[in-house]
Amino acid sequence: MSAITLRQALSVLSKSSSFSVATETRRRKDKFDDLKEQLFVEQEIETDLRRHLDLAKPGEIIFLCGSSGDGKSEILTRCKSELRFQQKFDFHLDATHSFSPRQSAIDALNELLERQELNSKPLLIGINTGMLANFAREGAECHEAIRSRIDAFLSAQHKENRPYRNGNCIFFDFEYYPKFQFDNNKQYSLFIKCLLDNLTCDNDRNLFQFIFRHDESVNPEQKEVANFKLLCMPGVQNVLITQLFKARLIKDQFVTTRALLDFLHHLLMGPGYLFDNLFTGAENDLIKKVSDFDPARLHTYELDQFILRYELGLVDTELDDFLAALEPLHIKFDRQCVKPGDATSLIRLFWLLQYESLGNDYHRKFSDLFNESLFERYSEIWHLHRNYTADTEQKKSLNRFYAFELIAGIQRYANRKAPELSMQKEEFFLGEFGGVKITAPVEMKPDWDSIKNKHTAHPTGFDVYLKVGQNSLPHIHIGLNLFELLDKLNNGYRPNKYDKNAIVLLDEIVELIADQAKSSREIKFYDGGQRVYRAKMDDDMITISGMEG
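First things first, this report covers the structure right here in the doc. Note that this is a predicted model, so its numbers are computed, not measured.

Let us now look at the overall build of the protein chain. The helix and strand tally for the protein chain stands at 24 helices and 16 strands. Considered along the principal axes of its C-alpha atoms, the protein chain spans approximately 90 × 80 × 45 Å. Taken over 549 residues, the protein chain has a buried fraction of 48%. Accessible area for the protein chain stands at about 27,500 Å²; split by element, carbon and sulfur atoms hold 49% of it. The average position of the 70 basic charges and that of the 82 acidic charges among the side chains of the protein chain differ by 2 Å.

Let us now look at the environment of Val436. With respect to the helices and strands, the residue Val436 is situated in strand E7 (residues 436-441). With residues near it in sequence (within four places) discarded, Val436 still touches Gly431, Phe525, Tyr526 and Asp527.

Bringing the nonpolar core into the picture now. Within the largest apolar cluster, 119 residues are counted, with the highest numbers of intra-cluster contacts made by Phe306 and Ile410. In this structure, Phe63, Phe85, Tyr164 and Phe174 belong to the second largest nonpolar core, which totals 42 residues.

Let us look at the pattern of salt bridges. Where charged atoms from two side chains of opposite charge approach closely, those side chains can pair. Tallying each qualifying case throughout the model produces 31 salt bridges. Across the pair Glu318 and Lys365 runs a salt bridge whose closest N-O atoms are separated by 3.5 Å. Highlighted residues: Glu318 in helix H17 (residues 317-325) and Lys365 in the loop between helix H18 (342-352) and helix H19 (367-370), separated in sequence by 47 residues. Residues participating in the shared-partner salt-bridge network are Glu37, Glu46, Arg50, Asp54, Arg78, Glu82 and Arg84.

Examined against the element boundaries, Glu372 turns out to sit in the loop between H19 and helix H20 (373-386). Residue Glu372 is classed as buried on the basis of its relative accessible area, which comes to 12%. Polar contacts involving the side chain of Glu372 include one to the side chain of Lys246, which spans 3.3 Å. When residues no more than four places from it in sequence are discounted, the contact partners of Glu372 are Thr242, Gln243 and Lys246.

Bringing the packing of helix H11 (residues 223-231) against helix H13 (residues 257-269) into the picture now. As a packed pair, H11 and H13 sit with axes 8 Å apart at the nearest point and diverge in direction by 125°. Judged by the inter-axis angle, H11 sits oblique to H13. Together, Glu224, Asn227, Phe228 and Leu231 of H11 and Leu267, Leu268 and Met269 of H13 make up the contact between the two elements. Of the residues belonging to the contact of H11 with H13, the class tally is five nonpolar, one polar and one charged.

Turning our attention to the environment of Gln116. Position of Gln116 relative to the elements: it lies in helix H6 (residues 105-119). Placed 54 residues apart in sequence, Gln116 and Ile62 show a C-alpha to C-alpha distance of 12 Å. Once residues within four sequence positions are removed from consideration, Gln116 is found in contact with Gly59, Glu60, Ile61, Lys121 and Leu123.

Across the sheet, three strands lie side by side as E9-E10-E13; this open sheet has antiparallel pairing. This sheet does not close on itself; its edge strands, each paired only once, are strand E9 (457-458) and strand E13 (476-478). Two elements, E9 and strand E10 (residues 461-464), share two bridges in a ladder whose sense is antiparallel. Along E10, the bridge assignment pairs His458 with Gly461.

Here we take up the pairing of strand E5 (residues 169-173). Of all the five residues making up E5, five are buried; the element is thus mostly covered by neighbouring parts of the structure. Strand direction decides the pairing type here: strand E1 (residues 61-66) and E5, joined by five bridges, are parallel. Counted as the bridge partner of Ile62 is Ile170 from E5. For strand E4 (residues 164-166) and E5, the ladder comprises three bridges, and the chain directions are antiparallel. Within E5, the position partnered with Asn166 by the bridge is Cys169.

On to H18. Because each turn of an α-helix spans 3.6 residues, side chains separated by three or four positions end up pointing in the same direction. In terms of residue burial, H18 counts as a mostly covered element, since ten of its eleven residues are buried. Its buried side turned inward, H18 meets H11, helix H12 (234-250), helix H14 (274-277), helix H16 (301-312), H17 and H19.

Locating Asp316 in the fold gives a position in the loop between H16 and H17. Salt bridges are absent for the buried Asp316, whose nearest opposite-charge side chain, Arg309, sits at 4.9 Å. Residue contacts for Asp316: discarding those within four places in its chain leaves Arg335 and Tyr362.

Moving on: the packing of aromatic side chains. Two numbers describe a pair of aromatic rings. These are the distance of the centres and the angle of the planes. Here the structure, examined in full by the defined rule, presents 34 aromatic pairs. With a centroid separation of 5.5 Å and an interplanar angle of 80°, the aromatic rings of Phe401 and Tyr402 are classed as edge-to-face. Of the two residues examined, Phe401 and Tyr402, each falls in the buried class. An angle of 20° between the planes, with centres 6.0 Å apart, marks the rings of Phe401 and Phe483 as stacked. Of the two residues, Phe401 is situated in helix H21 (residues 392-414) and Phe483 in helix H23 (residues 480-489); the sequence distance between them amounts to 82 residues. The two residues Phe401 and Phe483 agree in class, both being buried. Seen from the ring of Tyr413, Arg416 lies directly overhead, with NZ or CZ sitting 3.9 Å from the centre.

Next up on the list: the pairing of strand E6 (residues 427-433). Inspection of the sheet shows E6 paired to E7 by six bridges, in the antiparallel sense. From the neighbouring strand, Glu427 faces E7, where its bridge partner is Pro441. The antiparallel hairpin formed by E6 and E7 contains two residues in its connecting segment, where Gly434 sits at a positive phi of about 60°.

This paragraph deals with the sheet that holds strand E2 (residues 90-92). Pairing within the open sheet is mixed, and its five strands lie in the order E2-E3-E1-E5-E4. Either end of the sheet is taken by a strand with one partner, and the two such strands are E2 and E4. Averaged over all pairs of adjacent strands, the angle between strand axes in this sheet comes to 20°, irrespective of strand direction. Both E2 and strand E3 (residues 123-128) contribute to a ladder of three bridges, which runs parallel. For Asp90, the partnering residue across the bridge sits in E3 and is Leu123. Sheet strands in contact with helix H7 (residues 129-138) are E1, E3 and E5, and its direction is about 105° off that of E3.

Analysis parameters
Residues numbered from 1 in each chain as written. Predicted model: local features only at pLDDT ≥ 70, side-chain atom pairs only at ≥ 80, totals over all residues. Heavy atoms only, no water. Helix = DSSP H or I, 4+ residues; strand = E, 2+ residues; numbered from the N terminus. Buried < 20%, exposed > 50% of the residue type's maximum accessible area, 1.4 Å probe, protein only. Areas by Shrake-Rupley, 256 points an atom, 1.4 Å probe, with all protein chains shown as cover. Lys, Arg positive; Asp, Glu negative; His and termini not counted. Charge placed at Lys NZ, Arg CZ, Asp CG, Glu CD. Contact = heavy atoms within 4.5 Å. Core = buried A, V, L, I, M, F, W, Y, C linked by side-chain atoms within 4.5 Å. Salt bridge = Lys/Arg side-chain N within 4 Å of Asp/Glu carboxyl O. Polar contact = N/O pair within 3.5 Å; in protein donor to acceptor, adjacent residues only side chain to side chain. Axes fitted to C-alpha atoms, helices over the stretch in contact; angles between N-to-C directions. Parallel < 35°, antiparallel > 145°, perpendicular 65-115°, else oblique. Nonpolar A, V, L, I, M, F, W, Y, C, P; charged D, E, K, R; others polar. Pairing = 2+ DSSP bridges. Phe/Tyr/Trp six-rings, centres within 6.5 Å; stacked < 30°, edge-to-face > 60°. Lys NZ or Arg CZ within 6 Å of the ring centre and 35° of its normal.

Treat this as a map of the structure, not an account of what it does.
Written out as structure tokens, the structure is:
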């Protein structure tokens with residue numbers, strides 16, 4: 001194995017590698033096949049699929065569907081290589097392919113389904129969800145029953161039903177098996193953690209570690225050696241997984257297996273150290289999304305002072321001791337010859353190592369600046385919704401969120417154009433006409449029955465249920481973007497154009513509440529001076545009274 005360099009070994013991670021897509025081949029396996037096999041993690045969807053294949057009945061059509069790069073071909077190629085499945089099933093590994101150059105993929109599926117009707121063997125198809133929708137629209141009329149079952153699957157609301165069954169069609173969908181989950185122990189992706197373990201675990205069976213140790217002894221100056229050593233640290237892995245989860249929640253970025261492997265390839269083989277590669281590299285979709293979380297953008301007083309002192313070359317013996325402790329990691333910063341960007345790189349390194357102890361732990365001076373308190377609070381509220389049973393302590397905790405975070409944030413946003421209402425917690429701004437501001441009393445509270453009885457927690461967010469007076473509102477989905485905006489609003493923040501996506505959702509919520517408030521029997525008018533007028537309907541009579549503002 002020593003004949004292969006670390007750079008060559010890590011090439012199997014790249015999306016441009018011939019190993020990025022599994023295909024049937026009769027060539028003799030080599031060392032790169034062994035490296036790829038080393039990385040393999042059996043996903044829950046494959047476990048469930050195999051369990052079903054053992055029990056599958058004649059005439060079944062089993063769709064393995066998802067996005068390009070999810071790993072459909074990998075799973076089906078592995079299944080097809082097993083004799084017990086070869087004899088029992090017909091396989092179509094990739095539904096974007098056809099059986100001849102002049103045949104379309106839709107026509108190939110039509111032909112495949114016709115054959116399946118004749119021999120009644122179970123049929124296993126790997127297919128992109130978009131292609132599945134195309135077949136539902138454009139497939140042959142003789143397959144109308146199958147097309148309608150596909151339509152029913154595509155419009156299904158609850159992704160927890162795994163697999164989805166309709167007649168003789170069974171759908172295993174990667175979307176039903178999210179790669180991330182909220183976890184009280186901050187282990188947000190078991191799949192990614194297992195993949196990283198397979199790549200970095202320090203044991204005699206790990207081919208990557210064997211090659212890494214050889215390269216480290218021969219040429220430790222290579223950037224990939226330093227980067228691999230960093231990636232082996234559990235704390236570094238946890239930071240990376242959290243950032244990928246944030247990209248999924250905030251940027252709505254799907255993380256396919258292929259994209260994840262290419263992400264790791266860029267971290268390890270990019271032009272700089274891992275902590276810089278993570279935030280530079282426009283050719284990688286995940287890097288483009290994660291780069292928005294660059295800790296160097298924080299610009300707190302402490303970090304700005306650090307940059308200034310570092311670039312001026314001021315004496316800092318504690319920092320010098322810390323930089324000396326980086327030498328075993330093969331990371332070098334020359335304090336005698338400071339280059340532009342060095343201070344930024346160090347901040348990224350401090351952030352990346354926030355859960356690791358190193359040398360005199362100089363980097364931990366800044367740990368409080370890097371904490372993920374908002375993300376962890378979001379996870380806490382997600383768990384409260386998911387596990388709510390009306391327990392007294394649960395209800396107290398959840399009520400604090402509804403009263404002081406959710407309702408308070410909505411109220412502040414709704415009343416932002418009427419600062420005189422800031423202390424009127426139950427008044428809701430409805431609009432302004434001729435300089436007169438109109439409000440109505442609104443009593444908002446949690447809809448406890450719905451919170452307890454309805455499905456509130458989803459892989460990428462949770463639903464909240466509110467009552468306005470005695471009327472229940474439709475469920476409101478709270479993603480991390482909207483959760484963060486509510487937190488900012490409660491701390492005096494004024495929204496801007498960069499909050500556009502979350503603002504759209506907040507506007508919809510305000511409109512729902514305003515619709516209820518407009519039916520109120522009492523309305524107040526603020527004339528811009530010191531007078532407030534109240535209009536109250538009582539027994540079909542409207543009474544108007546004035547009072548001091």
